[in-house]
Amino acid sequence: MCTFETPKYGAVFSIIKLFYYIHLVIHYDFSLVPESPRWLHSIGRFDESEHINRKASKHANEEIPDEVYKLLRGEKNQEEEVEEEVQVHNKVNKASVKDLFRKKVIFFRTFIITSLGFVVNLVYFGVSLGAIALSSDDYITVALSAAVEIPACLFSRYFIDRWGRRPMMGLFLSMSGISCIGIAFTSNWLVFMFGLIGKFSISSCYNIHFIFAAEILPTPIRNVGIGVSTMIGSLGSVLAPQLVFIGTGFTQLPYFIFAAVSGIGVLLIATLPETKCTHLPQTIHEGETLGVIIKTQDASKTDAVTSECHDEI
């Protein structure tokens, strides 16, 4: 029976265990990671939100004027503020999975986000697991397949604030689908190149998907929505190895499936609103009206607000 508990690998396992314990400490020590000030403000816990903002501004050497906090509170008198805080707190704290299905628009967008999560997971893990068969040298293939995720992360993060979330995710999904078709119909070094392009593209989609989902779902149900999307979307990562295994009998079939699924993902993206240069929706109503043009007397003010990007607010 083979075992790795040998002096040769003892140091490696010690280092792995060390990082594991460090992760446990960071993960379970909630004092190291503060609560979201935006979420605290949305449920009426203004004092806690203000405390975190003041602490953050102190570390950044930037003082936030008291007038800003008064504006955030709505400049209401104390009785009205307390009453509204209790009402909002009671209403928002009851947010659950059911809230994802009560409004048609929210339900539809949650369904699309979840479906996209399934698509991205399926193609990502399918291409990753199938990378070994794309070259004669397994070690170089796996190393390059992992290394290509670094520029994918940087590239996607840089350009989504310039070209938008929806077009960039659609572009990368299209590239991954084309790459899968290229893998199925080519040979030799072209297969390897298409494999790297496909891994680069789907890795970029993986990064954009979480940002896109967080910006579409409103604050009260954002955590619940992303949790459901991640849970159901992970079924794609469960199915991917089975499809790769099918490739032992018919090599091209898994990549045809990955290409078809990528194409479906592009169509799904077209149904979602663009979230570039918009504020995060704070309420269910704002989540419903995201991407909808509302004609009011204050339309000019709305246009001025939506012209600013998240990183400029």
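Heads up: the structure comes first, above all this text.
Here the structure is a predicted model, which means the values were calculated and not measured.

As for the overall build of the protein
Reasoning step 1: Looking only at helices and strands, the protein features 16 helices and zero strands.
Reasoning step 2: In the protein, which comprises 313 residues, the share counted as buried stands at 35%.
Reasoning step 3: In the protein, the share of contacts with a sequence separation of at least 24, taken over all contacts with a separation of at least 6, comes to 78%.
Reasoning step 4: If you sum the accessible surface of the protein, you get close to 19400 Å²; carbon and sulfur atoms cover 65% of it.

Topic: the pattern of salt bridges
Two side chains carrying opposite charge are able to pair once their charged atoms lie near each other.
Reasoning step 1: Counted by the stated rule, this structure contains five salt bridges.
Reasoning step 2: Residue D161 is joined to R157 by a salt bridge in which the shortest nitrogen-to-oxygen separation is 2.7 Å. In this pair, D161 and R157 both sit in helix α9 (residues 149-163), four residues apart, roughly one turn of the helix.
Reasoning step 3: Judged by relative accessible area, which is 16%, D161 ranks as buried.
Reasoning step 4: Linking D161 and R165 is a salt bridge whose minimum nitrogen-to-oxygen distance equals 2.8 Å.

Comments concerning the packing of helix α3 (residues 46-59) against helix α4 (residues 66-73)
Reasoning step 1: It is at 11 Å that the axes of α3 and α4 come closest, and there the two elements cross at 150°. Judged by the angle between their axes, α3 and α4 are roughly antiparallel. Once α3 is placed against α4, the crossing between them reads as right-handed. Each of F46, D47, E50, N53 and R54 in α3 lies in contact with α4, whose residues at this interface are D66, Y69, L72 and R73.
Reasoning step 2: Class assignment of the residues belonging to the contact of α3 with α4 gives a composition of three nonpolar, one polar and five charged.

Reading guide: rules and limits
Residues numbered from 1 in each chain as written. Predicted model: local features only at pLDDT ≥ 70, side-chain atom pairs only at ≥ 80, totals over all residues. Heavy atoms only, no water. Helix = DSSP H or I, 4+ residues; strand = E, 2+ residues; numbered from the N terminus. Buried < 20%, exposed > 50% of the residue type's maximum accessible area, 1.4 Å probe, protein only. Contact = heavy atoms within 4.5 Å. Areas by Shrake-Rupley, 256 points an atom, 1.4 Å probe, with all protein chains shown as cover. Salt bridge = Lys/Arg side-chain N within 4 Å of Asp/Glu carboxyl O. Axes fitted to C-alpha atoms, helices over the stretch in contact; angles between N-to-C directions. Parallel < 35°, antiparallel > 145°, perpendicular 65-115°, else oblique. Left-handed = near helix turned anticlockwise from the far one by under 90°. Nonpolar A, V, L, I, M, F, W, Y, C, P; charged D, E, K, R; others polar.

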